[in-house]
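Letter by letter, the chains look like this.
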Amino acid sequence: MVDGHQPLADSQWQVIAPLLPIHRKRRHCLRQVLDAMRYICRTGCQWRSLPTCFPPWPAVYYYFRRWQLLGLWQRLNEAVNQADRLAAGRAATPSLVCLDSQSVRLAPRIFEHRGLDGGKHVNGRKRQIVTDVQGRILACRVHAANGHDGVEALALLPARPSWGERLVTVVTDKGYRGCFARHLARLGLTHQLGSRPPSARGFVPVAKRWVVERTFA
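Residues numbered from 1 in each chain as written. Predicted model: local features only at pLDDT ≥ 70, side-chain atom pairs only at ≥ 80, totals over all residues. Heavy atoms only, no water.

Novice: Help me understand the environment of Arg-136 in this model?
Specialist: Inspection of the secondary structure assignment puts Arg-136 in the loop between strand E3 (122-131) and strand E4 (137-144). The class of Arg-136 is buried, set by a relative accessible area of 10%. Each C-alpha atom, one on Arg-136 and one on Val-80, is 9.8 Å from the other, the two residues being 56 residues apart in sequence. If we ignore the near neighbours within four places in the chain, the residues touching Arg-136 are Asn-81, Asp-84, Arg-85, Ala-88, Val-130 and Thr-131. At a separation of 2.8 Å, a polar atom in the side chain of Arg-136 contacts the side chain of Asp-84. A distance of 2.7 Å separates a polar atom in the side chain of Arg-136 from a polar atom in the side chain of Gln-134. (Helix = DSSP H or I, 4+ residues; strand = E, 2+ residues; numbered from the N terminus. Buried < 20%, exposed > 50% of the residue type's maximum accessible area, 1.4 Å probe, protein only. Contact = heavy atoms within 4.5 Å. Polar contact = N/O pair within 3.5 Å; in protein donor to acceptor, adjacent residues only side chain to side chain.)

Novice: Looking at this model, I keep getting lost on the pairing of strand E1 (residues 96-105). Mind explaining?
Specialist: Regular strands place their side chains on alternate faces of the sheet. Buried residues dominate E1, accounting for seven of its 10 residues. Pairing of E1 with strand E5 (residues 169-172), which is carried by three bridges, proceeds in the parallel orientation. Looking at the pairing, Leu-96 lines up with Thr-169 of E5. Taken together, the eight bridges between E1 and E3 define a ladder with antiparallel strand orientation. Each residue of the ladder has a partner; that of Val-104, found in E3, is Arg-125. (Pairing = 2+ DSSP bridges.)

Here's what the structure looks like:
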């Protein structure tokens, strides 16, 4: 354990291992490589600052980038989500999902994919996520904060996803009306608005959509 970081448990590795190319001999153990990536994700440290108890950072980054290009991260996410849903007594894939966005400020020197969210007065980037009703992240997209929610969400769900074989309803706020709602109709999905009452003051949990806010938090 490094700085409170817990390595993968055997039960977790049993879910992940079948999706990784572990059948041939390698210089570095892929389980340790994956633990190193989880450490970077958990702590936010620089690649070059990876502790020496993990494989060398160039090797870890090589696998990270290769798996990113191969779409392996998405497949891993789907496998883990399905296993967790089954353990919670639910079907492997959801029938209802929630979609929302959050604008985040960037450091002044970061200029790529940057914009001003005029509604929230945030100069930076916007992240959009799709979660099930318990808050598991099914898909995500990051773009400049000046991008309109509904327009940018078209790239988030360009077609019915592999995890959406049972999907029926997508819950959003009013920012996703218009082109995104029409896109969902073409996919055969129902668009449901989940917004707080106009008379509400302060923080008011909105049915179903509050789980997205919890995931962001």
